[in-house]
Amino acid sequence: MNSQAPKRRFPLALDKVGTRAPAPASARDLLMPQRHLREAAADAARQVAPSGLGLDSAGVRLRMVQRLQREGLRDERVLQALADVPRHEFVDTALAIQAYEDTSLPIGHGQTISKPSVVGRMIELLMAAAAARDGNLGRVLEIGTGCGYQAAVLARLARHVTSIERLKPLHDKARHHLTAQRLNHVRLIYGDGRLGHKPGGPYECIIAAAGGEDLPPAWLEQLAPGGRLVAPMLDPSGRGQVLVVVDHVVEAGASRIVRTLHEPVLFVPLKSGVM
Ligand code: SAH
């Protein structure tokens, strides 16, 4: 993205909602009950909770997204999708207050919800390839549904999402969360994601939220021509995990797989079988 790019919708949307605290009311205003009603109506119109802290408020999510934008997340539609998904509804009530920090949080069964910046970065890499098509992620395969948060973000940018989880309690938890979000183009599968899900493929995008030593062959087989895969994987040098991007390139009728390594990451392990 260069500096000559046309002005985009996202920063305008931020301005429109606004996150500033209301101006202090005078003592006379505070004595008039209708003053409170007016304030509440104005707050509702701005979608900012009166305290500025309500987790249901769009303002809280926008502040998180503005931070991610300052830290380098650029794709306007990814930012908007992150601004639209109520992350606090995907974590336990006791952790909800931390839901808009850029941290991973426990979701039970030894697993974690990924950091918003990592979710954003991985989806941004998928969007970069989608730009060469129609800008839509198309059919997406996600490995590691967890609590369903990333699936909800993907669903805002894709035609269809198939998401696989190997732990039954998390699969059930994600179903509960995604039903509440009324996302009916997300299909949740309980199974071993290392095998992918052939009936739903081939996929324009494959994204993994757990990392193994190498990429399972089924993922590459189920990646559509022109498609892109983004996953954590053991660094070939053996030192920790890195993000790997695989493109299924088709040129002059011939197709080939192009693999590039990106920054170090830290994901839970990709395991086999179901539990
Ligand atoms: N995308 C999730 C992140 C969950 S953490 C979210 O937004 O919450 C990664 C998940 O991958 C864990 O729930 C773990 O159980 C799952 N996982 C690990 N290996 C797997 C496999 N082989 N198949 C499917 N899921 C797997």
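Residues numbered from 1 in each chain as written. Predicted model: local features only at pLDDT ≥ 70, side-chain atom pairs only at ≥ 80, totals over all residues. Heavy atoms only, no water.

Undergrad: Got a minute to help me understand the overall build of the protein in this structure?
TA: Of the regular secondary structure elements, the protein holds 9 helices and 11 strands. Surface accessibility of the protein: about 14,100 Å² in total, with carbon and sulfur atoms responsible for 55%. (Helix = DSSP H or I, 4+ residues; strand = E, 2+ residues; numbered from the N terminus. Areas by Shrake-Rupley, 256 points an atom, 1.4 Å probe, with all protein chains shown as cover.)

Undergrad: Mind showing me how you'd approach the site of the ligand here?
TA: Around the ligand, the surrounding shell holds 26 residues, and the nearest of these are Thr-112, Glu-165, Asp-192, Gly-193 and Lys-271. A distance of 3.3 Å is found between a nitrogen atom of the ligand and a side-chain nitrogen or oxygen belonging to Glu-142. Take Arg-166: an N or O atom from its main chain is 3.4 Å from a nitrogen atom of the ligand. Mapping the ligand onto the cavity grids shows that it belongs to the largest pocket. At the level of elements, strand 2 (111-113), helix 7 (149-155), strand 4 (160-165) and strand 11 (268-269) are the ones that each hand at least two residues to the shell around the ligand. The greatest single-element share of the shell around the ligand, amounting to 3 residues, is contributed by strand 2. Taken together, the residues of the shell around the ligand break down into 11 nonpolar, 9 polar and 6 charged. (Near = heavy atom within 4 Å. Polar contact = N/O pair within 3.5 Å; in protein donor to acceptor, adjacent residues only side chain to side chain. 1 Å grid on protein atoms, 1.4 Å probe; cavity = no way out; pocket = protein on both sides within 12 Å on 5 of 7 lines; lining within 4 Å. Sits in = over half its atoms within 2 Å of the grid points. Nonpolar A, V, L, I, M, F, W, Y, C, P; charged D, E, K, R; others polar.)

Undergrad: Explanation requested: the environment of Gly-200 in the structure shown.
TA: Among the secondary structure elements, Gly-200 is positioned in the loop between strand 5 (186-190) and strand 6 (203-208). The class of Gly-200 is partly exposed, set by a relative accessible area of 23%. In sequence terms Gly-200 and His-160 are 40 residues apart; their C-alpha atoms lie 9.2 Å from each other. (Buried < 20%, exposed > 50% of the residue type's maximum accessible area, 1.4 Å probe, protein only.)

Undergrad: What exactly am I supposed to notice about the environment of Val-246 here?
TA: Structurally, the position occupied by Val-246 is in strand 9 (residues 241-251). Using a relative accessible area of 1% as the deciding quantity, one classes Val-246 as buried. Along the sequence, Val-246 and Leu-261 sit 15 residues apart, while their C-alpha atoms lie 8.9 Å from each other.

Undergrad: Can you help me understand the pattern of salt bridges in this one?
TA: Side chains that carry opposite charge are capable of pairing whenever their charged atoms lie near each other. Scanning all chains against the criterion turns up 8 salt bridges. For the salt bridge of Asp-92 with Lys-173, the shortest nitrogen-to-oxygen distance reads 3.8 Å. Taken together, the positions of Asp-92 in the loop between helix 5 (76-84) and strand 1 (105-108) and Lys-173 in helix 8 (residues 168-180) put the pair 81 residues apart, joining distant regions of the chain. (Salt bridge = Lys/Arg side-chain N within 4 Å of Asp/Glu carboxyl O.)

Undergrad: Any chance you could explain helix 5 here in plain terms?
TA: Each α-helix turn comprises 3.6 residues. Residues three or four places apart therefore point the same way. Of all 9 residues in helix 5, 7 are buried; the element is thus mostly enclosed. Backbone nitrogen of Arg-77 and a side-chain oxygen of the N-cap are separated by 2.9 Å at the start of helix 5; the cap is Asp-75.

Undergrad: Please clarify how the packing of helix 4 (residues 58-70) against helix 5 should be interpreted in this entry.
TA: How two helices sit against one another is set out by the angle between their axes and by the gap between those axes. The interhelical angle for the contact between helix 4 and helix 5, taken along N-to-C directions, is 150 degrees, at an axis separation of 8 Å. Looking at the two axes, helix 4 sits roughly antiparallel to helix 5. The handedness of the crossing between helix 4 and helix 5 comes out as right-handed. In this structure, helix 4 contributes Arg-61, Leu-62, Met-64, Val-65, Leu-68 and Gln-69 to the contact, and helix 5 contributes Leu-79, Leu-82, Ala-83 and Asp-84. Here the residues of the contact of helix 4 with helix 5 are counted per class, giving 7 nonpolar, 1 polar and 2 charged. (Axes fitted to C-alpha atoms, helices over the stretch in contact; angles between N-to-C directions. Parallel < 35°, antiparallel > 145°, perpendicular 65-115°, else oblique. Left-handed = near helix turned anticlockwise from the far one by under 90°. Contact = heavy atoms within 4.5 Å.)

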